[in-house]
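A closer look at the structure
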Amino acid sequence: MTPLDEQDEHVRLFRSAVLRFYSRHRRDLPWRRSQDAYHILVSEVMLQQTQVNRVIPKYERFLARFPTVHVLASARLRDVVRAWIGLGYNSRGLRLWRCAKIIAQRHGGVVPDDVEQLRALPGIGTYTACAIASFAYGKPHPAIDTNVRRVLSRVLFGRDSVSAAVLRRAAARVFPARAARRWCQALMDVAALHCRSSPRCEGCPALMTCRFAPKVARALPRRPSGSAAPRKAAFAGSPRFFRGRIIRILSGVGSMPVARLLSEAKDGSPKAEGARIASLVDDLRREGLLRIDRRRRRVWLP
DNA sequence: AACTCGGGGGG
DNA sequence: CCCCCAGAGTT
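Residues numbered from 1 in each chain as written. Chains lettered and ligands numbered in written order. Predicted model: local features only at pLDDT ≥ 70, side-chain atom pairs only at ≥ 80, totals over all residues. Heavy atoms only, no water.

Moving on: the domain arrangement of chain A. When cut into domains, chain A gives domain 1 (3-20 + 143-178 + 188-214), domain 2 (30-137) and domain 3 (239-300). Spacing between the C-alpha centres of domain 2 and domain 3 amounts to 26 Å. At the interface, 10 residues of domain 2 touch 9 residues of domain 3. With both sides pooled, the region where domain 2 packs onto domain 3 buries about 830 Å², and carbon together with sulfur makes up 59% of that total. Remark: the boundary between domain 2 and domain 3 carries 0 salt bridges. Seen at the junction of domain 2 and domain 3, the total is 2 residue pairs in polar contact (both at pLDDT 80 or more). Listing elements by their share of the side of domain 2 that touches domain 3, those giving two or more residues are α5 (77-84) and α6 (90-106). The residue inventory of the side of domain 2 that touches domain 3, partitioned by class, reads 5 nonpolar, 2 polar and 3 charged. (Domains from an automatic or database assignment. Contact = heavy atoms within 4.5 Å. Buried area = accessible area lost by both parts, 1.4 Å probe. Salt bridge = Lys/Arg side-chain N within 4 Å of Asp/Glu carboxyl O. Polar contact = N/O pair within 3.5 Å; in protein donor to acceptor, adjacent residues only side chain to side chain. Helix = DSSP H or I, 4+ residues; strand = E, 2+ residues; numbered from the N terminus. Nonpolar A, V, L, I, M, F, W, Y, C, P; charged D, E, K, R; others polar.)

Right, dumping it as structure tokens:
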């Protein structure tokens, strides 16, 4: 048996173990019950940098409120933003709304199945485009997110991470074209249930073929706990904190005086000068999340 | 390549 | 208190 054959055999074992694991133990997630590409689109945007458990209730509420692309496309941004509260990264909601408008106007209300066309939509990057093409349409595009990256890096290279180029080649080599729709979701379940940031190897389907597992036993220190830690800024009082507050305040009213928004936003935060908050409001206006009538000095969500 | 964008739950 | 989490867009 040549080394190449050996390697191929190794990959086959890995693949079949992961797919078998998926058929038995896969998580029952709401967006996996649907084949509707719009549902997949909504779930994937919500899942950008946001945990599954927090997305589930928002996802179901969102689709009950905006059941189709057309409903979302003709909705008011304010209603979209209100449905988005609690998910964070509000501009994702804005971009999803713009996505729906483009899909309704230029794609006949059908979410594209082509990766390039998907990539061209606002808020859809490489990962999300591949995820939609693959999960909704069964097209053979590896959707490489942090989970897939971590599992493949560990199993194939015995490291927590490898360079993007190396990983891309490895992902393509391992990718089973016949199981395109399931493969990456299977890897995500392996990541969520076993190959977590801090690994739980017991019961992992990749255990036998994993180059990382042997290293896990000797526990890693896991904490430099060093003196020179850069020390992160507090969340309260940060730009993110105030942006979130501004959006939350505005989502509850039709429109309001700019001055009142500023005072309500900094309420209870004496450190925040009005000028700083005003500049955050202007950032939000530039991004398209809110509108300002300078003459009448009023602000609102479109 | 480095930053910014929310918010919550867990170690 | 720090870290992580189905990333994308801008500079």
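After that view, the rundown keeps rolling.
What follows covers the protein's contact with DNA strand C. Near DNA strand C there are 26 residues, and of these Leu47, Gln51, Gly123, Thr128 and Asp145 occur at the shortest range. When the atoms of DNA strand C within 4 Å of the protein are sorted by group, sugar and phosphate make up 66%. Gln51 has a polar side-chain atom sitting 2.7 Å from a base oxygen of DNA strand C. Within the side chain of Arg150, one N or O atom sits 2.7 Å away from a phosphate oxygen of DNA strand C. For the surface near DNA strand C, the secondary structure elements donating two or more residues are α8 (126-137) and α9 (146-157). Split into classes, the residues belonging to the surface near DNA strand C amount to 7 nonpolar, 10 polar and 9 charged. (Near = heavy atom within 4 Å.)

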